[in-house]
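Overview (structure and organization)
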Amino acid sequence: MEFWLFLQLLINGIVVGSLYALLGISFTAIFAPTKIFHFMHASVYVFAGYFLYQFAMGWGWPLPVSILGAMLLSGVMGVLAERVIYSPLRRMGAGAMEMLLSSFGGYVVLQNVILLIWKSDPRTVRIPEVLKNGIPVGLLTFTPLDIMTVITSGVALAAVAIFMRSTKVGKAMRAVENDPMGATITGIPTDWVRLVSFFLGSILVAVAATFHVVDKGLEPTIGVNAVLVATVAMIVGGVGSYSGAALAGLMIGIAENLGIWQISSEWKSTISFSVLVLFILFRPRGFFGHRITRYEG
Amino acid sequence: MNYLIYVISLIAVYGILTVSLNLSVGYTGILSVAQGAFMGIGAYAAAILLTQWGFNFFSSLLVGMAIAGLVAWGLAWATLRLKGDYYVIASFGFQIIIYNIFLNWISLTRGPFGIRQIPPPQAFGFTFLGPLRYAILTLGFLAICVWVARRVGESPYGKVLRAIREDEAAAASIGKNVSRYKIVIFTVSAMLASVGGAFYAGLITYIDPFTFTIHESIFILALVIIGGSGNVYGSVIGAAVLISIPEMLRFFDVPTTVASPIREILYGALMIIFLRLRPKGLLPERITTGVRR
């Protein structure tokens, strides 16, 4: 019995963890090349959910179209954040602290725009019931939605990995990450690369938001926790390592769900924060150490 | 008239909070988004001790400061070895944990119901009842906090803090124990924030967890930036301006569901505009060169 419970919690952990993995790489995709602590990512996450709600429930678009539309608009929001907030500051020669403070300001503005447009009531996006019906396997249950979550995250992670390794843009992003000045000198259009990384990170976070919203519903406050998880995953995985962030996200999801075994679920974020503190204390470079070391060799 | 006095008390409360955060953000360059949490610790300590344990306001103030100080010391010790953004993440996580404790430790904090009917402060048989007495008391404590902050910030000690902000390695290279300075100033900042929290609880007479979220922390940060980071008086001015202007919205016929988002959009936008056009804030930092005797 205990064993089945353990297995069930493990499966739940993998489902949640695969979304955390997505959050982790979405934040890494922005932070690694640009070095901006993009707190507005929280708002992009929430906005993605509300775009989806507006398209699917408000205007009755078919679900796949709504999801694509929400992803696209989120990507545009990420690009706008860079153009409107960060790039003018960068041209002024402002430091990381000013960028982050502006990001907080932008977050507050966007968060309250949501309150003005959609009010603070919880919303749900309806999906076909079949997807939410549990399939019993022995003493375990999981839903088709769970399977879709894991598969979609896996595909997205693989796609990002291939994109980073084999495409010109992906390579340019890694070049900018390692040495922005050197990248500029060799003729890489750094400004444009930054826009791409904001676009990529924002559509990835929209995918994570979609699964969260159809499963658990939508409230204006869900973004902060998402960004906390994303940043913890990034640090625990070793900043700049996409596979590290993904693995760390998965691990946090599993740790949270196994934790429910002993601790009540309100303390979930406490668990992820404890993981962070442990890593900061004992392994500040994350799982895999810093990726930079590999380039130097 | 009472309303005006209430707004003055509120300005004094946020003045205390802003001055406290300015010590770590403005002087030392430790960006923290946990000030709302330390404010909450002070507020809850005062509320719980006053309503359930029959403490005096001023002794509960000391208890709150002690708790906030200990917690801050622990957090600083564990995480201040991180630079820049990483430290922010730690304070961000800490803020969320403390909020979760306020919300979920129901036997202590009454969770989402909050704590009501927090009694007014008393000392030597004198009750600070009524808005005017409370405003005078709060302003008095604001003055004390400003004095403490200036003693710390505008002294040789403060010069070291600024050196750490500008260049940690250089400060360390002239023999300054950078981590110790950071831990001490962070602890002092948290203790002052808990004082602000206790006065907040006494002023509103009702607290719930939803006040002490990351939004509150960002709001206090905005006050520091707009007032002028590294300038104690700037913090007081910042609080005065950003509390009083939105309060005027009350005189127009705007429903609260619209007024409070508009107020927040205003300060978020002001924060961005100031960082772009006047990063030094309303009252810029004044750096005295040389040694005055």
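Note that the structure is predicted; figures quoted are calculated from it, not measured.

How each quantity is defined
Residues numbered from 1 in each chain as written. Chains lettered and ligands numbered in written order. Predicted model: local features only at pLDDT ≥ 70, side-chain atom pairs only at ≥ 80, totals over all residues. Helix = DSSP H or I, 4+ residues; strand = E, 2+ residues; numbered from the N terminus. Buried ≥ 20, exposed ≤ 12 C-beta atoms within 10 Å, placed from the backbone. Rg over C-alpha atoms; globule rule 2.2 N^0.38 Å. Contact = placed C-beta atoms within 7 Å. Expected span 1.5 Å × (residues − 1). pLDDT = per-residue confidence, 0-100. Axes fitted to C-alpha atoms, helices over the stretch in contact; angles between N-to-C directions. Parallel < 35°, antiparallel > 145°, perpendicular 65-115°, else oblique. Left-handed = near helix turned anticlockwise from the far one by under 90°. Core = buried A, V, L, I, M, F, W, Y, C linked by C-beta atoms within 7 Å.

**Focus on the overall build of chain A**
- What chain A contains, in helices and strands, is twelve helices and two strands.
- Counting helices and strands in the order they occur from the N terminus, chain A gives α-α-α-α-β-β-α-α-α-α-α-α-α-α.
- In terms of principal-axis extent, the alpha carbons of chain A reach across some 60 × 45 × 35 Å.
- A buried classification covers 50% of the 297 residues belonging to chain A.

**Section: the overall build of chain B**
- In terms of helices and strands, chain B carries twelve helices and two strands.
- Helices and strands appear in chain B in the N-to-C order α-α-α-α-α-β-β-α-α-α-α-α-α-α.
- Taken over the C-alpha trace, chain B has a radius of gyration of 19 Å; the compact-globule value for 293 residues is 19 Å, and the two agree within 12%.
- Its C-alpha atoms put chain B at 55 × 40 × 40 Å along the principal axes.
- The buried share of chain B, taken over its 293 residues, is 49%.

**Quick word on the interface of chain B and chain A**
- Across the contact, 33 residues belong to chain B and 33 residues belong to chain A.
- Listing elements by their share of the side of chain B that touches chain A, those giving two or more residues are α3 (57-79), α4 (84-104), α10 (214-227) and α12 (256-277) of chain B.

**Let's talk about helix α8 (residues 190-216) of chain A**
Residue and element names in this part refer to chain A.
- Taking 1.5 Å of rise per residue, 27 residues should cover 39 Å, and α8 covers 38 Å from first to last C-alpha, within 8% of that figure.
- With 21 of 27 residues buried, α8 lies mostly within the body of the structure.
- After α8 finishes, the residue glycine 217 shows a positive phi value of roughly 90°.

**As for the confidence of the model for chain A**
All names here are of chain A.
- In this model, chain A carries an average pLDDT of 88, and 95% of its residues clear a pLDDT of 70 or more.
- Confidence scores differ between elements of chain A, with helix α12 (residues 292-296) showing the lowest mean pLDDT of 38 and helix α2 (residues 41-58) the highest of 95.
- The low-confidence segment residues 291-297, where pLDDT is below 50, has four contacts with residues more than four positions distant or belonging to other chains.

**Structural notes on unusual backbone geometry**
Residues and elements named next belong to chain B.
- Backbone geometry at arginine 110 places phi at a positive 60°, although glycine is not the residue there.
- Note on placement: arginine 110 falls in the loop between α5 (106-109) and β1 (122-123).
- Not every positive phi belongs to a glycine, and threonine 205 is a case in point at roughly 60°.
- Turning to its location among the elements, threonine 205 is positioned in the loop between α9 (178-204) and α10.

**Side note on helix α5 (residues 144-166) of chain A**
Residues and elements named next belong to chain A.
- The first and last C-alpha atoms of α5 sit 32 Å apart over 23 residues, in line with the 33 Å expected at 1.5 Å per residue.
- Buried within α5 we find Asp146, Thr149, Val150, Ser153, Ala156, Leu157, Val160 and Met164.
- Among the structural elements, α1 (2-34), β2 (140-142), α6 (168-178), α8 and α10 (242-260) are those in contact with the buried residues of α5.

**Some remarks on the packing of helix α4 (residues 96-118) of chain A against α10 of chain B**
- In contact at an axis separation of 11 Å, α4 of chain A and α10 of chain B are set at 125° when each is read in the N-to-C sense. One way to sum up the angle between α4 of chain A and α10 of chain B is to call them oblique. As α4 of chain A runs across α10 of chain B, the sense of the crossing is left-handed. In this structure, α4 of chain A contributes Leu101, Phe104, Gly105 and Val108 of chain A to the contact, and α10 of chain B contributes Ile218, Leu221, Ala222 and Ile225 of chain B.

**What about the packing of helix α3 (residues 63-92) of chain A against α4 of chain A?**
Residue and element names in this part refer to chain A.
- The interhelical angle for the contact between α3 and α4, taken along N-to-C directions, is 150°, at an axis separation of 9 Å. Considering their axes alone, α3 and α4 lie roughly antiparallel with respect to each other. When the axes of α3 and α4 are compared, the crossing they make is right-handed. Between α3, through Ala81, Ile85, Tyr86 and Leu89, and α4, the contact on the second element is made entirely by Glu98, Met99, Ser102, Ser103 and Gly106.

**Quick look at the nonpolar core**
- Ranked by size, the top nonpolar core spans 190 residues in total, and within it Leu23 and Ala233 of chain A together with Leu221 of chain B carry the most contacts.
- Examining the composition of this core, we find that 15 residues originate from one element, α8 of chain A, more than from any other.
- If sequence neighbours within four positions are ignored, alanine 233 of chain A has contacts with Tyr20, Leu23, Gly24, Ala245, Ala248, Gly249 and Ile252 of chain A.

**Some thoughts on the environment of glycine 64 of chain B**
- Assignment of secondary structure puts glycine 64 of chain B in helix α3.
- The exposure class assigned to glycine 64 of chain B is buried, which follows from the 29 C-beta atoms found within 10 Å.

**Regarding the confidence of the model for chain B**
- Taken as a whole, chain B shows an average pLDDT of 86; of its residues, 96% reach a score of 70 or greater.
- Here the prediction assigns the complex a pTM of 0.89, and the interface score ipTM is 0.87.

**Section: the environment of lysine 171 of chain A**
Residue and element names in this part refer to chain A.
- Relative to the assigned elements, lysine 171 resides in helix α6.
- Residue classification places lysine 171 among the partly exposed residues on the basis of 15 C-beta atoms within 10 Å.
- It is 44 Å that separates the C-alpha atoms of lysine 171 and glutamine 262, two residues lying 91 residues apart in sequence.

**Digging into the environment of isoleucine 272 of chain B**
Residues and elements named next belong to chain B.
- Checked against the element boundaries, isoleucine 272 lands in helix α12.
- Since 24 C-beta atoms lie within 10 Å of it, isoleucine 272 is described here as buried.
- For the pair isoleucine 272 and alanine 222, spaced 50 residues apart in sequence, the C-alpha separation works out to 9.2 Å.

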